[in-house]
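Structure assessment
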Amino acid sequence: MIGRVFLAAVVLAAFAPVAALAAGSCVGCHQEKTPAAVAQWRESAHARAGIGCEKCHGSDHDKIVKGEAKVDLKVCGACHDKALREHTASRHGMGLHSGWGCTRNLPNRKPGECRFCHNEGNEAPRSEVQCARFLKQSPEMAEIGCNSCHSIETACDACHSKHSTDLKIVRNPNSCAKCHMGPDHPQWEMWQTSLHGTLNQSAGKATGPDCLTCHMTKGSHDVSRGITMNSGGVPYPAKQAESARREMVQVCSSCHAPNFAKRELERDDAVRGQSLAILKESEQIIWDLNDRGLLDPMPDDRPPHPLSGSKLVTDSQMLYEDTSHIERLFFKMKKYDYARTVKGAYHQNPAYAHWYGNAELKMDLVDIRSEANRLQERRKGAPARVSREEELKALKNKFERGAISQEEYGKEKAKVLERRD
Amino acid sequence: MNRLTVLLLSLLLFSLSGCVGLGKLSQLPPELQMKEVARTDAASPFTVSRAGRIAAVHEEGIEVISPQGQVARIAAATPTMLSFSPNGNMLVAALPAAAGTTLRIFDLNGKVMAEATVPERVTAVAWRDNTHVAAAALNIKRFSFGTLLTSTFYDWDNSGSPVATTLNSVTIRPQLAKLPDALLLNTLNLAVSPYNDEIAYSVLKDPPLFPPYQAIITRHIGSGAEQEVTRTSIGSGGPVYASDGDSLVVGDSQSVTRLVTIPDGRELNGWPAQGSYPAISRSGHYLFLDGHLYRDGQTFATFPRQSRAEFLPDGSGLVIAYEKRLYLVSGLNDQEGPKKPANLPRLLELRKLRSEGLITEKEYRAQRERLKEQPKGQTKGQRKDQPK
């Protein structure tokens, strides 16, 4: 009898699906507890290859339940080495968690947030990069508003779904749209309403390229190939930009003549340069006001910037809250309108490049100039004249930020010291 | 000799030396005269007023000694610090209290004019003007891993509560923390500039990997701007302002006492003395360091090393405390201190601008020189070549 049972078991084992063995004891319960996950996994390439639950989730059930056994980049990368390397080298993999920052000193932090930046049991953060805007948020807003997108550095499931491996999902532009949309970088909207996007809609992918066609060519996970500026729209140094441009022209050349692609991109470079000049002019106006103590309120009179304290910040760590009105105008100008102009141009979208971008950008400059005039007029109307001390402070600020040379600084100071009151 | 004999002989010698007057232990040039003016408790504070009155502590009381030598006991108290107001009409005393230190202001008759208590140990008091008292106070908190020293500057207008500003907060390592409290308290000294616009103070620093030191820092009272002028070894005396307000006398328990410029700490002069209690005359010509009276840099008279001194504001002499007595040394011929410029507001403005780093030292000195050239009647901003 025993012999027959053993024989039957051997036969059953031989013919049972590989997947059932791989999933081991998990499926029994999880068919009821998380049926969708089990169903997606059963249809996946992982199941077909015999990759079961434990391979990715581990076998410590308590840890899994506590959310401490996240399936992150390291887990996936163990098998998907090429994707790991490409992703890590790309913008998706480098410092995109700049949406984070250490929350240990924030009053309303949640202990679980540590995992955003720290590996289990490791005090050292995965990166020193911090984001002032993130640090100003409540833990709830930081999680949904920042980390949902900025977790992409270490979370493959930010694009790929968790248990399904169907590439149809991840290749759909909607997958990119989860993050690449909205006022600050509406690439999805730009693409949809560009010639590329409309052709894609009407004639299919072969005629109208989508996100992956240009940014993840041949299935590469390096989404930064061919891009000539950083994520804040600051152009790369010439040498770095040159090689990136060659890569993008190569991508375009699979449909267009290389010279045509080159010309188009050069035109967009020009648009970027012109827009940057407008942006810089506005930034200069704000720094001049700050030098003269005319911002309202001045950085000293606001809650301190999470990373820079009471200093004026107009770079990538600029805040949109607890600032003066003119800085808020500049934030909108830089983060929304400059980005739309430049990215609109590179995505071949006339409306975004011009009306949503360029026109807004120029109207912002009008607003900023007008606000600066108002602040200056208000100063003139208030106490008598600017004291020597205030004037010297303004000069010192200018000198320290490199706006005037040592020689000019000395001369200007002498003029102020000689001034008769 | 048995032990008792040795002890008795020692006691005899000790009592004899105590009886030896300062005169016999000093070397004075013929033009100087010295006389005992009062008795005082050992190591107690004393101060001299503009009118030449001396306030000192004797038998647990504060006494005021007139220039004629009359002694008046004005309060029963044992202050750790005493200072006369610039006009000489009031006296501030720092009195140890259960919860810190009481600052009490007396008039010359001993009437209490004002009082305030601060939670720390006051280590120095000075007057900024006839209404504002400046005080430095130190709080010592001992932990297992080190000792936290918090230095506070108090600005008191004699009516409300003293306004506190933290000057320094440093955790010193256990080795340094073994020093007795009295020595740690000595590391926080304070001086008010002759222009009353700035203080200079010393604080203890204990950086990791480097030996501890005392930093000499100036702080502009109006702007709050601070500058480290120089560094010196722990337990050093000073800083004391020279009468120009642009230099400081800084002692050094390991080396020489220096006269350094503000704010860059450039050494202008040096004396081979530790400078435990430095005192400088109104003109800067006389300097008293560890029992040596210097005149224009040369030793002029010598006293026992442990003597402490304060110059009379009129430049005619100095009061010396030695053991349990106070002596008046007269016959000095000190010149007037540097004259304040006619355009004092402009000088004060320049000093403020310098403290904030808005003008360089060179620019400050150039502008200050021009103020000296400015005739008295000239109005603000008006130059010689401009018609009135």
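The notes below deal with the structure included here.

What counts as what
- Residues numbered from 1 in each chain as written.
- Chains lettered and ligands numbered in written order.
- Predicted model: local features only at pLDDT ≥ 70, side-chain atom pairs only at ≥ 80, totals over all residues.
- Helix = DSSP H or I, 4+ residues; strand = E, 2+ residues; numbered from the N terminus.
- Buried ≥ 20, exposed ≤ 12 C-beta atoms within 10 Å, placed from the backbone.
- Contact = placed C-beta atoms within 7 Å.
- Pairing = 2+ DSSP bridges.
- Axes fitted to C-alpha atoms, helices over the stretch in contact; angles between N-to-C directions.
- Expected span 1.5 Å × (residues − 1).
- Core = buried A, V, L, I, M, F, W, Y, C linked by C-beta atoms within 7 Å.

**Examining the overall build of chain A**
- Looking only at helices and strands, chain A features 22 helices and zero strands.
- Counting the 421 residues in chain A, one finds 27% classified as buried.
- Restricting to contacts in chain A with at least 6 residues of sequence separation, those with at least 24 account for 61%.

**Some points on the interface of chain B and chain A**
- Chain B puts eight residues into the contact, and the matching count from chain A is nine residues.
- Contributions of two or more residues to the side of chain B that touches chain A are made by helix 5 (344–355) and helix 6 (361–373) of chain B.

**Side note on the sheet that holds strand 5 (residues 71–75) of chain B**
All names here are of chain B.
- One open sheet holds the four strands; their spatial order is 2-3-4-5, and the pairing between them is antiparallel. This sheet does not close on itself; its edge strands, each paired only once, are strand 2 (46–48) and strand 5. Going from strand to strand, the sheet's axes swing by 30° on average, the running direction of each strand aside.
- Examined bridge by bridge, strand 2 and strand 3 (residues 54–58) share three bridges and lie antiparallel to one another. Opposite Val-48, over in strand 3, you have Ile-54 as the bridge partner.

**Focus: helix 5 of chain B**
All names here are of chain B.
- Spanning 12 residues, helix 5 covers 16 Å between terminal C-alpha atoms, matching the ideal 16 Å at 1.5 Å per step.
- Buried residues of helix 5: Leu-347, Leu-350, Arg-351, Lys-352, Leu-353, Arg-354 and Ser-355, and no others.
- One or two steps after helix 5, the chain reaches Gly-357, where phi turns positive at roughly 75°.

**Brief notes about the nonpolar core**
- Grouped together as the largest cluster of nonpolar side chains are 93 residues, with contacts concentrated most on Val-125, Ala-135, Leu-248, Val-319 and Ile-320 of chain B.
- Take this core: its biggest share by element is six residues, from strand 11 (residues 133–142) of chain B.
- The contact partners of Ala-135 of chain B, leaving out residues within four places of it in the chain, are Ala-94, Leu-103, Val-122, Ala-124, Val-125, Tyr-154, Trp-156 and Pro-162 of chain B.
- Within the second largest apolar cluster, 28 residues are counted, among which are Trp-191, Leu-279, Leu-289 and Tyr-346 of chain A.

**Regarding the environment of His-220 of chain B**
All names here are of chain B.
- Relative to the assigned elements, His-220 resides in strand 16 (residues 213–220).
- Judged by the 19 C-beta atoms lying within 10 Å of it, His-220 is partly exposed.
- The contacts of His-220, once residues within four sequence positions are left out, are Asp-197, Glu-198, Ala-225, Lys-352 and Ser-355.

**Considerations on the pairing of strand 7 (residues 90–97) of chain B**
Residue and element names in this part refer to chain B.
- Pairing between strand 6 (residues 81–84) and strand 7: four bridges, direction antiparallel. Paired with Ser-83 across the bridge in strand 7 is Val-92.
- Sheet topology places strand 7 next to strand 8 (residues 100–107); eight bridges connect them, and they run antiparallel. By the bridge assignment, Met-90 is partnered in strand 8 with Asp-107.
- With antiparallel pairing between neighbouring strands as the criterion, strand 7 and strand 8 make up a hairpin whose turn holds two residues.

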